Amino acid sequence: ENNNYPLGKWLSERRTENAAGELATWRVEQLDGFGMIWSVSDARFEAGLDWARVWAKGHGGSLAAPARASVGGYAIGTWLSELRAAAQVPAGEPGALAPERRAALEEIDPWWCPSWPIVWQRTYAVARQWWLETDGQVDWTALPQDTVFEGEQLGRWVLAQRAGWPTLEEDQRDLLAAIGIEEDQELVAAKQAAEAKPTVSRTDRFQQGLAALAQFVERERHANVRRPHKEQLETVEAGSGGEDQVVVSQVALGTWLNNQKARRSKLTPGQLAQLAEFGVEWA
């Protein structure tokens, strides 16, 4: 008796034949009688969909599961994040999410794949749960800032939405308004005033770091900067009366380079090219 028959390979060949219309009808019926799964990927999707319903039922109808979430031992978080990635691929291109699969997920949660961060949607689902549990009788303006619910910093989040109203998408505002969260004009004005203060932008900081690196490389003839190294940089800036003045600053070059390496994926191709030009190996 031979137990090593390659059944998986045989089934795969029958699936290919059936897809090409080359498998006799009586054979298709015979295999159907054994409960043949013709599309493995469809079967996997249906299984995932069943677990998605279970997750949504326990989370106020929301599919904004964290990436590491699991339900009944099933890695629902990974499954959903893979589908959200597929949903970003333009229709017709390899790896794009089939319209019927998108529709099946939207049936469970219309906001399963929002255009804003999934973390926002997850906290919103928690806020909605709070609102439902209070029968809609909640005064969001009086909610203490340190309120935590279902593991989310609900108080801080609500405050941030009311203060950051102008930066939200229209759909986000509609979702918030539906549970009674509204713009706080005083908070918005205070936030805008704070943001209007001149701050050094990330681009300016990058240019400053680059200037320090250029100076270091010119002097040392290499780009192996030790972590504690600080580079003294002199720059000419316009003073308040329009006259030029020399500003001396200590740039923590070693730390700066290390930080650029850590956020390498967020650097632009241009920034990487500039770093590579000065001999930074990882760029």
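It should be noted that the structure appears before, not after, this text.
Only a predicted model underlies this, so the values are computations on that prediction, with no experimental measurement involved.

Quick word on the nonpolar core
At step 1: If you look at the biggest cluster of nonpolar residues, it comprises 20 residues, and the most contacted ones within it are Leu63, Ile76, Trp79 and Leu105.
At step 2: Contributions of two or more residues to this core are made by α3 (40-58), α4 (76-87) and α5 (99-108).
At step 3: The dominant element in this core, judged by the number of residues it contributes, is α4, at six residues.
At step 4: Contacts of isoleucine 76, omitting those with residues within four sequence positions, involve Gly48, Trp51, Ala52, Trp55, Ala69, Ser70 and Val71.
At step 5: Core analysis: the second largest hydrophobic core is formed by 19 residues, Val138, Trp140, Phe149 and Leu154 among them.

Digging into the side chain of glutamate 231
At step 1: Mapped onto the fold, glutamate 231 is located in strand β1 (residues 231-238).
At step 2: At 2.7 Å, the side chain of glutamate 231 forms a polar contact with the side chain of histidine 229.
At step 3: With sequence-adjacent residues up to four places away left out, glutamate 231 is seen in contact with Ala212, Gln215, Phe216, Arg219, Ser249, Gln250, Val251 and Leu253.

Comments concerning the packing of helix α6 (residues 118-133) against helix α7 (residues 154-163)
At step 1: As a packed pair, α6 and α7 sit with axes 11 Å apart at the nearest point and diverge in direction by 105°. Looking at the two axes, α6 sits roughly perpendicular to α7. In contact with Trp120, Thr123, Tyr124, Ala127 and Trp130 of α6, α7 contributes Leu154, Trp157 and Gln161.
At step 2: A class-by-class count of the residues in the contact of α6 with α7 yields six nonpolar, two polar and no charged.

As for the environment of alanine 160
At step 1: Secondary-structure assignment places alanine 160 in helix α7.
At step 2: Between the alpha carbons of alanine 160 and glutamate 183 there is a distance of 10.0 Å; along the sequence they are 23 residues apart.

Looking at the environment of arginine 122
At step 1: Position of arginine 122 among the secondary structure elements: in helix α6.
At step 2: The sequence separation of arginine 122 and leucine 63 amounts to 59 residues, and the corresponding C-alpha distance is 8.1 Å.
At step 3: Setting aside anything within four residues of it in sequence, one finds arginine 122 in contact with Ala64, Ala65, Pro66 and Glu152.

Focus on the side chain of serine 62
At step 1: For serine 62, the location among the structural elements is in the loop between α3 and α4.
At step 2: Given a relative accessible area of 6%, serine 62 falls into the buried group.
At step 3: Beyond its immediate sequence surroundings of up to four residues, serine 62 is in contact with Trp55, Ala56, Asp109 and Ala125.

Structural notes on the pattern of salt bridges
At step 1: Tallied over the full model, the rule gives five salt bridges.
At step 2: Two residues, arginine 219 and glutamate 220, come together in a salt bridge whose shortest N-O distance is 3.0 Å.
At step 3: Of the residues examined, arginine 219 reaches a relative accessible area of 43% and is grouped as partly exposed.
At step 4: Arginine 219 is the salt-bridge partner of glutamate 231, the closest N and O atoms lying 2.7 Å from each other. Here glutamate 231 is found in strand β1, whereas its partner arginine 219 is found in helix α10 (residues 202-220), with twelve residues between them in sequence.
At step 5: Residue classification places glutamate 231 among the buried positions, given a relative accessible area of 3%.
At step 6: Each of Arg219, Glu220 and Glu231 takes part in salt bridges that share partners, so that together they form one network.

Reading guide: rules and limits
- Residues numbered from 1 in each chain as written.
- Predicted model: local features only at pLDDT ≥ 70, side-chain atom pairs only at ≥ 80, totals over all residues.
- Heavy atoms only, no water.
- Core = buried A, V, L, I, M, F, W, Y, C linked by side-chain atoms within 4.5 Å.
- Buried < 20%, exposed > 50% of the residue type's maximum accessible area, 1.4 Å probe, protein only.
- Helix = DSSP H or I, 4+ residues; strand = E, 2+ residues; numbered from the N terminus.
- Contact = heavy atoms within 4.5 Å.
- Polar contact = N/O pair within 3.5 Å; in protein donor to acceptor, adjacent residues only side chain to side chain.
- Axes fitted to C-alpha atoms, helices over the stretch in contact; angles between N-to-C directions.
- Parallel < 35°, antiparallel > 145°, perpendicular 65-115°, else oblique.
- Nonpolar A, V, L, I, M, F, W, Y, C, P; charged D, E, K, R; others polar.
- Salt bridge = Lys/Arg side-chain N within 4 Å of Asp/Glu carboxyl O.

Note that all results are geometric; they support no functional claim without further evidence.
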